[in-house]
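Topology and contacts: notes
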Amino acid sequence: MVRRCDVAVIGGSAAGLAGALQLARQRRSVIVVDDGTPRNAPADHMHGYLGRENAAPQELRAIGREEVRSYGGEVLSGRVLDVRRDGDLFRVELTGGGVLLARRVLVASGIVDDLPEIDGLRERWGQTVIH
């Protein structure tokens, strides 16, 4: 299925949802694609987000999704496989065969922590060991 939007947002965590919210508030058609693998997934709570101090990361994402939807934005579960130009638009290919045609693309996919092979590090990451 091919869908059109003003902006396709790749990444449905804090940055992607914040960008999508502002765009949707400006009456842009926005579709967020979220593969459900946020960097802060191991953390029980987060700091530094005004009004959400000590909130669980999944709580922030749930609230952000609802706020984006309240302005007409959409959030899709899935993964972006490819982005390329298609004339004046961007063709964003998704898992499951879906395609978005967007005037703009906002990439907010974050970073991935490449942890060294140290016994016990992965299990403690985001809990008692942080970057």
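Residues numbered from 1 in each chain as written. Predicted model: local features only at pLDDT ≥ 70, side-chain atom pairs only at ≥ 80, totals over all residues. Heavy atoms only, no water.

Assignment of secondary structure puts Val 99 in strand 6 (residues 99-107). Take Val 99: its relative accessible area is 7%, and that puts it in the buried class. The spatial distance from the C-alpha of Val 99 to the C-alpha of Ala 43 is 32 Å, given a sequence separation of 56 residues. When neighbours within four sequence positions are excluded, Val 99 is seen to be in contact with Met 1, Val 2, Arg 3, Arg 91, Val 92 and Glu 93. (Helix = DSSP H or I, 4+ residues; strand = E, 2+ residues; numbered from the N terminus. Buried < 20%, exposed > 50% of the residue type's maximum accessible area, 1.4 Å probe, protein only. Contact = heavy atoms within 4.5 Å.)

The biggest cluster of nonpolar side chains holds 10 residues, and these are Val 7, Val 9, Leu 17, Ala 20, Leu 21, Ala 24, Val 30, Val 32, Val 68 and Val 75. Per-element tally for this core: the top contributor is helix 1 (residues 14-25), with four residues. Among residues more than four places away in sequence, those in contact with Val 9 are Gly 16, Ala 20, Val 30, Ile 31, Val 32, Val 33 and Leu 106. (Core = buried A, V, L, I, M, F, W, Y, C linked by side-chain atoms within 4.5 Å.)

What follows deals with the layout of surface pockets. Volume-wise, the largest pocket comes out at about 1,100 Å³. For the lining of the largest pocket, the secondary-structure elements that each account for two or more residues are helix 1, strand 2 (30-34) and helix 2 (57-70). A per-class count over the lining of the largest pocket returns 19 nonpolar, 15 polar and eight charged. Roughly 220 Å³ of volume is contained in the second largest pocket. Taken together, 13 residues make up the lining of the second largest pocket; nearest its centre are Ala 14, Ala 18, Leu 60, Gly 64 and Glu 67. Of the residues assigned to the lining of the second largest pocket, the class counts are nine nonpolar, two polar and two charged. (1 Å grid on protein atoms, 1.4 Å probe; cavity = no way out; pocket = protein on both sides within 12 Å on 5 of 7 lines; lining within 4 Å. Points joined across faces, edges and corners; volume = space filled by probe spheres on them. Nonpolar A, V, L, I, M, F, W, Y, C, P; charged D, E, K, R; others polar.)

Take it as geometry only, folks, not as evidence of what the structure does.
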